[in-house]
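Each chain, written out:
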Amino acid sequence: MTKHLRDVPTSGIENLSRRYVLKGVAAAGGLVLAVRLLGISRTSADDASKFGAAGMPHGTVNDPRAFVSIAADGTVTIVCHRSEMGQGVRTGMPLILADELEADWSRVKVAQAPGDEVRFGNQDTDGSRSTRHFMKPMRQCGAAARMMLEAAAAKRWGVDVAEVEAKNHQVVHKTSGRALGYGDLAVEAGAMPVPASDKLRLKDPAQFRYIGKGGIDIIDGFDITTGRAKYGQDVRLPGQKYAVIARPPVLGGKVVSFDASQTMKVAGVAKVVQIAEPKIPSAFLPSGGVAVVADNTWAAIEGRKALKIEWDHGPHGAYESKSYRGALETTARQPGNVLRSEGDLDAGLAGAAKKIEAEYYIPHLAHATMEPPSATVRIRDGKVEAWTSVQSPQAAHDLLAKTLGVAPENVTVNVMLLGGGFGRKSKPDFAVEAGLVSKALDGAPVKVVWTREDDIHNGFYHTVSVERLEGGLDKDGKPVAWRHNSVAPTIMSIFAPDPKHEVPFEAGMGLVDMPFDVKNLRIENGAAEAHTKIGWFRSVSNVSHAFAIQSFAGELAAAAGQDQKEFILDLIGPARIVDAKNTTKDFWDYGENPDVYPIDTGRLRKVVELVTEKAGWGRKLPPGHGLGLAVHRSFVTYVAAVVEAAVDDKGNVTVPRVDIAIDCGPTVNPDRVRSQMEGAAIMGLSLAMKSEISFKDGKVLQSNFDDYEVLRINEAPGETHVHIAPHGYDVLPGGVGEPGVPPIAPALLNAIFVATGKRIRTLPLGDQLLKA
Amino acid sequence: MLALMVNNRRYELDIEPETPLLWALRDEIGLTGTKFGCGIAQCGACTVHVDGVATRSCQLPVAEAAGKKITTIEGLAGDTLHAVQQAWIAEDVPQCGYCQSGQVMAAAALLAANPKPTDADIDAEITNICRCGTYPRIRAAIHRAAAMASR
Ligand code: FES
Ligand code: FES
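Only a predicted model underlies this, so the values are computations on that prediction, with no experimental measurement involved.

**Considerations on the overall build of chain B**
And then number 1: On a plain count of helices and strands, chain B comes out with six helices and five strands.
And then number 2: Beginning at the N terminus, the succession of helices and strands in chain B can be written as β-β-α-β-β-α-β-α-α-α-α.
And then number 3: The C-alpha atoms of chain B give 15 Å as radius of gyration, which agrees with the globular expectation for 151 residues (15 Å, within 12%).
And then number 4: Counting only C-alpha atoms and orienting by the principal axes, one finds that chain B spans roughly 45 × 30 × 25 Å.
And then number 5: Within chain B, the fraction of its 151 residues that count as buried is 59%.
And then number 6: Looking at chain B alone, contacts between residues at least 24 apart form 62% of all its contacts between residues at least 6 apart.

As structure tokens, this is what we get:
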């Protein structure tokens, strides 16, 4: 069957009544390059098929017909198939394609793809992967479309295609100077065959007009600042109802009975719907509970307040954070599973002139995306349509089909803007909730709204961990022994019977791939049972691992009486490729081929040198101030941070300045790299100084921004300076969305130590330094 | 029936009088530029101007808003964008953008009261949360808007 791309509903990020953007373009009289959905080629190399983009479900698609259309007036519409949550992907992905297409960026529009990975390639917008995995296919799409336009012009003029050249939105005949605009050529270009991947002429990067150049505003800036931008929470369909849900407050809890008689008396409440609890582990399924459906959100919230529910809290009803921490500490002091061992640790420790040990604790964290989760679903004639803010539209699509018992081709998931994601919206539980409630209302459109309390109480939390480190220094202060035992419940516990150990993608986040040059080392992982849903939180296990490892490096430097910078450069050792493939068990390398993305200590050293130089390392500081340094590789990107901390007489901590250096390989939109680093600094400081999710009786103790605190502007760094390590195309792009977070907390704590002599090993800082 | 004046337009709503203005705007009138972030006056995502004063609409019963002049993000611009909106675009402030309606409304009210705010004034007056961490650019954009307005 053939299908016209112009009939694809775009996300609804446009005004809902104008969802059919591409149709609108076509109706204006132009035709479209996107003609048929045939011959999708994939970019996987067979021998490396398990790595990188090829290792992701549905890989990549490099067919321009899935991504580009051109209207008669020359307007180029580029489909963005990844979810926008503030990282700038709706600007960056289309920008890559536009550059190769030789399009004029001011004449480009962006349409959002619905969840359809067969058509667009993998859409899981997480793992800091969009640019890393789709730079090449987007370039290929742009180049193919450009060559089709050139072929159409050559045919029209009856000249050899070698005589024509696409430049800045038109095709020029080089000898005669004749030119045709892209709009004039759209129909004929659409009829040209799509060039095979090996026939594509990609631009010489020296010819890039946009990629890596800067000065590109985000595509949604105007809509956002004028209130037009539409998020999942903003969806409004004719006749729509609003629902909020009372969910079991404890993992695995169940409704025993409920009484909705008072709820039904609340003005505006229409119906109460019970949602079945899933079997645990429940992956991305909703937790169950009782939904209150009403004419507006407020009535639904009021109606929920009037519900009387008797809960069975189930097997996790005793989860309590203080005693759990004690259990983690006990485990961390015993031997754990050995994940990596080099030299002879015991001999190294025994022979050390100085021995240091430390335990670090970081609590659960909630993503607290500014937009609480929300989804709207309508079921008509057996067809399910959802509008929601998800990082994983295909997962939402599949789960809706499965839970509602409809064929996958009868489900459409329209992707709205995400008011923050940070990993929370990789889990489409809320979309399924909306589907179930709509089904109970005979398919009527219903929006499920999560309140902030729902978000804080029913999240997929960042893991809690105790990280125990032991180190030995020789008489010259050189590290000769390093033991790390990491103990944290695993994300896998939401998918399968709790394995109680970090799995390779968690241990591979800064623990086993620790790059330091220490002769005797052992890296272990002790068992920890999960008692709540654990989920990905921006940079995931890197948060805990980097916090501990980089703090401990600071502690060793102090014990050795050395400057942090010199000490850490020694610890990293000479520029080299770390042989992680052979020394570490299940070296994950973020799913990449370790031969393509090796651990390169030269790049680690370079970001340390760059950030310390720019931050004025060693500069004279006022009393009570200190500089702290940390460096960490994550998502195949290298980031170092210098934080200046200021501690006053009362023990209040402020941050006058943060410097961050990032080496993510070549950049697409450097301003968004900068903004991601600025934001990562704030998020890193939030978790270092303020945020904590803790449990009692199996329930989360915090509820909203009054007790789950995040940084506000008065606590933000006085100055933030981002330094991007310049790169050509000698290396491939790395991640950007997440790698800024991990070094921030340890850099702050190292700075506080310099300022005060006090070592903070428990996050968040809270009032630990406050004097009575 | 309850009458509201929003962005110089009159709306008649059949709504419970204690409903917060936020939900009247979003669910009944359909002005979704005003965002829901916390519902307890903590985050500022729901900031609108009520008789020119920055107000967290999640805490204002719609009955109390009746008869007052309400301006939302959709009504902030006149013939041209408000200086704050222009500055926001020039500094490329937003990341996810969800908090930004509230930030812009709070900044516009701050500048109306204090045309040349210092960083300390901004820190004291802008208490809206941005989970994406756009604070450095919010400061820069407020200074830029102040400079534009004084030209
Ligand atoms: S929603 Fe009103 S202050 Fe947060
Ligand atoms: S831009 Fe995302 S919360 Fe402010």
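**Remarks on the domain arrangement of chain B**
All names here are of chain B.
And then number 1: Domain boundaries in chain B define domain 1 (2-75) and domain 2 (83-150).
And then number 2: Relative to domain 2, the C-alpha centre of domain 1 lies at a distance of 21 Å.
And then number 3: Contacts between domain 1 and domain 2 engage 15 residues on the former and 12 residues on the latter.
And then number 4: For the side of domain 1 that touches domain 2, the secondary structure elements donating two or more residues are strand 3 (47-50) and strand 4 (53-56).
And then number 5: Sort the elements by how many residues they give to the side of domain 1 that touches domain 2 and strand 3 lands first, with three residues.
And then number 6: Its residues assigned to classes, the side of domain 1 that touches domain 2 shows seven nonpolar, seven polar and one charged.

**A closer look at the domain arrangement of chain A**
Residues and elements named next belong to chain A.
And then number 1: Taken domain by domain, chain A consists of domain 1 (5-225), domain 2 (232-315 + 373-449) and domain 3 (321-366 + 460-756).
And then number 2: A C-alpha centroid distance of 37 Å is found between domain 2 and domain 3.
And then number 3: The partner domain 3 presents 14 residues to the 12 residues of domain 2 that form the contact.
And then number 4: Looking at side-chain class alone, the side of domain 2 that touches domain 3 contains six nonpolar, four polar and two charged residues.

**Here's the deal with the nonpolar core**
All names here are of chain A.
And then number 1: Grouped together as the largest cluster of nonpolar side chains are 224 residues, with contacts concentrated most on A243, V607, A641, I744 and L748.
And then number 2: Sequence-distant contacts of L748, that is, excluding residues within four places in its chain, are made with G628, V643, A645, V655, L685 and A688.
And then number 3: Residues A143, V164, I219 and V668 belong to the second largest nonpolar core, which totals 50 residues.

**Section: the interface of chain B and chain A**
And then number 1: At the interface, 47 residues of chain B touch 49 residues of chain A.
And then number 2: Secondary structure elements with two or more residues in the side of chain B that touches chain A: helix 1 (21-29), helix 3 (83-90), helix 4 (100-113), helix 5 (119-125) and helix 6 (135-150) of chain B.
And then number 3: Class assignment for the residues of the side of chain B that touches chain A results in 24 nonpolar, 16 polar and seven charged.

**Notes on unusual backbone geometry**
Residue and element names in this part refer to chain A.
And then number 1: A cis amide bond, omega 5 degrees, links I280 with the succeeding residue P281.
And then number 2: Of note, the amide linkage connecting L763 to P764 takes the cis form, showing an omega dihedral of -5 degrees.
And then number 3: By secondary structure assignment, the location of P764 is in the segment after helix 20 (744-756).
And then number 4: Residues other than glycine seldom take positive phi values, yet K500 does so here, at roughly 65 degrees.
And then number 5: Its location among the elements puts K500 in the loop between strand 19 (479-487) and helix 14 (504-507).
And then number 6: Non-glycine residue D589 carries a positive phi angle of around 50 degrees.

**Quick look at helix 15 (residues 541-560) of chain A**
It helps to recall that an α-helix has 3.6 residues per turn; residues three or four apart then point in one direction.
And then number 1: Taking 1.5 Å per residue as the helical rise, helix 15 of chain A with its 20 residues ought to reach 28 Å, and the 28 Å between its terminal C-alpha atoms agrees with that figure.
And then number 2: Just downstream of helix 15 of chain A lies A:G561, where phi reads positive at about 65 degrees.

The rules behind the values
Residues numbered from 1 in each chain as written. Chains lettered and ligands numbered in written order. Predicted model: local features only at pLDDT ≥ 70, side-chain atom pairs only at ≥ 80, totals over all residues. Helix = DSSP H or I, 4+ residues; strand = E, 2+ residues; numbered from the N terminus. Rg over C-alpha atoms; globule rule 2.2 N^0.38 Å. Buried ≥ 20, exposed ≤ 12 C-beta atoms within 10 Å, placed from the backbone. Contact = placed C-beta atoms within 7 Å. Domains from an automatic or database assignment. Nonpolar A, V, L, I, M, F, W, Y, C, P; charged D, E, K, R; others polar. Core = buried A, V, L, I, M, F, W, Y, C linked by C-beta atoms within 7 Å. Expected span 1.5 Å × (residues − 1).

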